[in-house]
Amino acid sequence: QVQLVESGGGLVQAGGSLRLSCAVSGRTFSSYAMGWFRQAPGKEREFVAAISWSGGNTYYADSVKGRFTISRDNAKNTVYLQMNSLKPEDTAVYYCAARQGLPSVVAGGYDYWGQGTQVTVSS
């Protein structure tokens, strides 16, 4: 069983930065592709970023490209989401997710999920 625990969320002013972390335990972390998704109140969960098991391939939603960076440290079993130039529309609960194989931009393609961490960006 794979367990994911997100941290690093909080309240930040527009233009500020936050770094989310997702610690993974259980099975072999380095064999999993990882993704970050977010869900705002009243909206569907949406793709934010994904990274391959090696870290060599990354993918981003157009809305965050150039502002967010996904990375991973397989020695620490952790994936990160560095968020810069935050906007009020980035406000959401952020979830990390894991799947075997190639990264996916579809939430349904992931097998394991964390509990989420709240990010609130004030204007």
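One can find the structure itself at the top, above this paragraph.
The structure presented is a predicted model; accordingly, all values stated were derived computationally and were not measured.

(A) Up close: the overall build of the chain. Scanning the chain from terminus to terminus reveals zero helices and eleven strands. Each helix and strand of the chain, ordered N terminal to C terminal, gives the series β-β-β-β-β-β-β-β-β-β-β. Scaling as 2.2 N^0.38, a compact globule of 123 residues should have a C-alpha radius of gyration of about 14 Å, and the chain matches this with 13 Å. Residues classed as buried in the chain amount to 45% of the 123 residues present.

(B) Here's a closer look at the pattern of salt bridges. Across all of its chains, the model carries four salt bridges by this definition. Here Arg-38 and Glu-46 are joined by a salt bridge, their closest N and O atoms 2.6 Å apart. According to the relative accessible area criterion, Arg-38 is buried, its value standing at 6%. Overall, Glu-46 belongs to the partly exposed group, its relative accessible area being 35%. Asp-62 is the salt-bridge partner of Lys-65, the closest N and O atoms lying 3.2 Å from each other.

Rules behind the numbers
- Residues numbered from 1 in each chain as written.
- Predicted model: local features only at pLDDT ≥ 70, side-chain atom pairs only at ≥ 80, totals over all residues.
- Heavy atoms only, no water.
- Helix = DSSP H or I, 4+ residues; strand = E, 2+ residues; numbered from the N terminus.
- Rg over C-alpha atoms; globule rule 2.2 N^0.38 Å.
- Buried < 20%, exposed > 50% of the residue type's maximum accessible area, 1.4 Å probe, protein only.
- Salt bridge = Lys/Arg side-chain N within 4 Å of Asp/Glu carboxyl O.

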